[in-house]
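# Structural description and commentary
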Amino acid sequence: MKRFENKVVLVTGGSRNTGLEIVDLFLREGARVFFCGTSEASVAKGETELARRGHTGFHGIVCDVGKTSDVTAMMDAIECEAGRLDAVVTNAANLGQGEPAAPEVDEAAFLDVLNVNLGGTLRVVQEAARRFFLRQELNPATGQRGAVVCIGSNTAHHVQRRHVSYCTSKGGLESLVKCLALDLGSRGVRVNLLEPGYIWTERWNDLPEAVRRKRRANTLTGREATGGDVAAAAAFLLSDEARAFQGSILKMDSGATVALYPPYAEDNVPLPEGWCCGDDASSSLSEARDDGGVVVTSTTGRER
Ligand SMILES: NC(=O)c1ccc[n+]([C@@H]2O[C@H](COP(=O)([O-])OP(=O)(O)OC[C@H]3O[C@@H](n4cnc5c(N)ncnc54)[C@H](OP(=O)(O)O)[C@@H]3O)[C@@H](O)[C@H]2O)c1
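Just so it is clear, the structure is predicted and the values come from calculations on it, not from any experiment. (Residues numbered from 1 in each chain as written. Predicted model: local features only at pLDDT ≥ 70, side-chain atom pairs only at ≥ 80, totals over all residues.)

### Examining the overall build of the protein
When helices and strands are counted, the protein shows eight helices and nine strands. Within the span of the protein, comprising 304 residues, buried residues form 42% of the whole. Within the protein, contacts between residues at least 6 apart in sequence are counted, and of these 72% link residues at least 24 apart. (Helix = DSSP H or I, 4+ residues; strand = E, 2+ residues; numbered from the N terminus. Buried ≥ 20, exposed ≤ 12 C-beta atoms within 10 Å, placed from the backbone. Contact = placed C-beta atoms within 7 Å.)

### Examining the confidence of the model for the protein
For the protein, the average pLDDT comes to 90, and 88% of its residues sit at 70 or higher. A low-confidence stretch, residues 278–304 stays under pLDDT 50, and its non-local contacts, those more than four residues away or across chains, total 45 contacts. (pLDDT = per-residue confidence, 0-100.)

### Comments concerning the site of the ligand
Around the ligand, the surrounding shell holds 30 residues, and the nearest of these are Gly13, Asn17, Thr18, Gly37 and Ser42. Those elements that place two or more of their residues in the shell around the ligand are α1 (17–28), β2 (32–37) and α4 (107–131). With three residues, α1 is the largest single contributor of residues to the shell around the ligand. Residues belonging to the shell around the ligand are distributed by class as follows: eleven nonpolar, 16 polar and three charged. (Near = placed C-beta within 6 Å. Nonpolar A, V, L, I, M, F, W, Y, C, P; charged D, E, K, R; others polar.)

### Overview of the nonpolar core
Among the nonpolar cores identified, the biggest contains 69 residues, and Val23, Phe26, Val33 and Ala234 are the most heavily contacted of them. Here this core gets eight residues from one element, more than from any other, and that element is helix α5 (residues 164–185). Every residue in contact with Phe26, bar those within four places of it in the chain, is listed here: Phe4, Val9, Ala31, Val33 and Ala235. (Core = buried A, V, L, I, M, F, W, Y, C linked by C-beta atoms within 7 Å.)

### Considering α5
For α5, built from 22 residues, the straight-helix expectation of 32 Å at 1.5 Å per residue is met to within 8% by its first-to-last C-alpha distance of 31 Å. Within the sequence span of α5, burial applies to Val164, Ser165, Tyr166, Cys167, Thr168, Ser169, Lys170, Leu173, Leu176, Val177, Leu180 and Leu184. Next to the buried residues of α5 lie α4, β5 (146–151) and β6 (189–196). (Expected span 1.5 Å × (residues − 1).)

### Section: the sheet that holds strand β1 (residues 8–12)
The parallel open sheet is built from seven strands, whose spatial order is β3-β2-β1-β4-β5-β6-β7. One side of each edge strand has no neighbouring strand; the edge strands of this open sheet are β3 (58–62) and β7 (249–252). Pairs of neighbouring strands in the sheet enclose a mean axial angle of 20°, with direction left out of account. Pairing of β2 with β3, which is carried by five bridges, proceeds in the parallel orientation. The residue of β3 that forms the bridge with Phe35 is Gly60. Against the sheet, α1 engages β1, β2, β3 and β4 (87–90), with an angle of about 170° to β2. (Pairing = 2+ DSSP bridges. Axes fitted to C-alpha atoms, helices over the stretch in contact; angles between N-to-C directions.)

Below you can see the structure in the form of structure tokens.
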């Protein structure tokens, strides 16, 4: 028996990249999966890709989690189609791409990121709990009736330049998840937070190889996570085996934030063969970040 056979799962932001891989894994694990994206085109693209991989049993819905009416309509559709909901992954996020430094940030843009990343998470979990989880029977294996995994980021702890909105939202997510776990835990619902670091997305295809190698050198494993890695961790946290996880914050960033400085910034640490940042970090390299920002490195390869 597959882990999510006969279960109904919702993945927000499942139309591409990490979210699509999460949808893919739950389908392989036997679930019926609803996912959302922000437009007809992006949802159709996600559905086409899932069908190309041989999947059935998925339902794409257009929903901006920043809007209460959209979230309500999405839950209406799930209720109408499936009549129940067992698990939710809140993955949709506004990455705050191209944001300027904090003093120049536009207030409306800042609030928009918080509205999607924090407000959207609250809306989706509230509606899932009120409309489905709290009305459903207890699972005899766990004594619980619903589970949520929120996708956060290691930037909740170690912030990035020109990312005040995004980092603030992911920091706030830690408190939001704890509050949800506290208020819903005694009613049989688990809520946990997964905090990835670098995740390979299709945006990496547009990065210069030197930038990819530099990012990998910022980890302790020499590689970024894949969407599949994130999906595997989310599936564990939503499975019956994780019934003792409640209000937990699980960092999965390939060790990127264990050390005070990244390896390339240590004067006395020889880098493994092929890990980068010797000669190409000594140039005045402008690094296009995954989220569209730009980091200018100094001649020592450190950010300035
Ligand atoms: N990529 C990384 O390196 C990284 C690192 C740490 C944490 N994370 C976290 O991992 C998650 C996925 O990241 P990603 O890079 O895969 O994201 P992504 O490529 O930007 O995709 C975002 C997904 O969320 C959807 N979305 C965006 N705004 C939405 C809204 N208002 N309502 C509903 N859906 C919305 C998008 O739909 P459309 O297709 O319609 O735009 C898309 O499906 C995010 O929570 C992110 O913060 C990512």
